[in-house]
Amino acid sequence: MDKVRTPKNIFVQGAISPDAIAKSIANHSGKTDIGGHSIFLGQVRADEKPEGKVVAIDYTAYEEMALEKAFEIREAIFAKYPLTCMHIYHSLGEVKVGELCLFVFTSSKHRKAAMDACDELVERIKAELPVWGKEILDTEGHVWKVNV
Amino acid sequence: MKQVIHLKAFGMIAEKIGTAELELENPGTLAALGETLRGRFPDLQSAKFGFAINKKLLQGDAEIPAGAEVALLPPFSGG
């Protein structure tokens, strides 16, 4: 019988810790039908803006809508690719430069599905989730992040 | 009886109107709501934003149901 999936929380307060990522990888050692994982990690970059240098990004979201949308994207990606597992974590609140703000993790029997699904997930997350990044500057001002 | 709608503003739009939540008399459609807001908050004249009614993205001539939650969404910039 197929597992019934329900919306789950993707949001993490503050930065995503490398330890949590290591644990998440380790949690898959028992799933021996997996042959390949693909992981994307988004890191906050110290961009130079005309108004100052970025020192952190403060993330906010329309959480209820974002979780519904993330679930919809998740179902579509599961339907499109033969995946064993999929995990999505996105930061809320302040994440300093050099810290991680997005963790997308897909696993499959073979590498191609995991890699293609991971790539598509990251693109859809950035384009479709109602999440906003306020770039905090060293001049104490801020600018609003623009996704390219 | 007047119909009230609940507005939620996010990101740059919340900053420009100075609040994240607002109640308004229902102007009928999203296009009319856009005009009402741009009249009331001149800072929105040059701002780009979309709408969601009860968490679904909708545009222009969409009708706003009574008691709806309408979100004002600047361009997404997650990740």
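Here the structure is a predicted model, which is why all the values come from computation and not from measurement.

A.B. asks: Would you mind showing me how to read the overall build of chain A here?
C.D. replies: The helix and strand tally for chain A stands at three helices and eight strands. Secondary structure elements of chain A, listed N to C terminal, follow the sequence β-α-β-β-β-α-β-β-α-β-β. With respect to the three principal axes, the spread of C-alpha positions in chain A is 55 × 30 × 25 Å. For chain A, buried positions account for 45% of its 148 residues. Sequence-distant contacts in chain A: of pairs separated by 6 or more residues, those separated by 24 or more amount to 76%. Just so you have it, chain A exposes about 8,100 Å², and 52% of that area is on carbon and sulfur atoms. Positive and negative side-chain charges of chain A, numbering 19 and 22 respectively, have mean locations separated by a distance of 7 Å.

A.B. asks: Would you take a moment to explain the side chain of A:Ser107 for this structure?
C.D. replies: All names here are of chain A. Relative to the helices and strands, serine 107 resides in strand β6 (residues 100-108). One polar contact links serine 107 to histidine 37, side chain to side chain, over a distance of 2.7 Å. Not counting chain neighbours up to four residues away, the residues in contact with serine 107 comprise His28, Ile34, Gly36, His37, Leu83, Thr84, Cys85 and Ala114.

A.B. asks: Where do I start with the interface of chain A and chain B in this structure?
C.D. replies: The extent of an interface is frequently quoted as the accessible surface area lost upon association of the parts. Contacts between the two partners involve 22 residues from chain A, matched on the other side by 18 residues from chain B. Counting the surface lost from both chain A and chain B, the interface buries some 1,700 Å², and carbon and sulfur atoms represent 57% of this. Contact with chain B buries surface across chain A, with A:Tyr62, A:Trp132 and A:Trp144 losing the most and accounting together for 41% of the total. On the surface where chain A and chain B come into contact, there are two salt bridges. For B:Lys8, the salt bridge is made with A:Glu64, and the minimal N-O distance between the two is 3.8 Å. Split into classes, the residues belonging to the side of chain A that touches chain B amount to 13 nonpolar, four polar and five charged.

A.B. asks: In this structure, what is going on with helix α2 (residues 30-40) of chain B? I would like to understand it.
C.D. replies: For an α-helix, 3.6 residues make a turn, and residues three or four places apart therefore share a direction. Residue and element names in this part refer to chain B. Burial in α2 covers these residues: Leu30, Leu33, Gly34 and Leu37. Seen end-on, α2 carries its buried residues on one side only, within an arc spanning 105°. Exposed side of α2, more than 90 degrees from the buried face: Glu35 and Gly39 are the residues found there.

Conventions adopted
Residues numbered from 1 in each chain as written. Chains lettered and ligands numbered in written order. Predicted model: local features only at pLDDT ≥ 70, side-chain atom pairs only at ≥ 80, totals over all residues. Heavy atoms only, no water. Helix = DSSP H or I, 4+ residues; strand = E, 2+ residues; numbered from the N terminus. Buried < 20%, exposed > 50% of the residue type's maximum accessible area, 1.4 Å probe, protein only. Contact = heavy atoms within 4.5 Å. Areas by Shrake-Rupley, 256 points an atom, 1.4 Å probe, with all protein chains shown as cover. Lys, Arg positive; Asp, Glu negative; His and termini not counted. Charge placed at Lys NZ, Arg CZ, Asp CG, Glu CD. Polar contact = N/O pair within 3.5 Å; in protein donor to acceptor, adjacent residues only side chain to side chain. Buried area = accessible area lost by both parts, 1.4 Å probe. Salt bridge = Lys/Arg side-chain N within 4 Å of Asp/Glu carboxyl O. Nonpolar A, V, L, I, M, F, W, Y, C, P; charged D, E, K, R; others polar. Arc of directions from axis to C-beta.

Everything listed is a geometric property; what it means functionally is a separate question.
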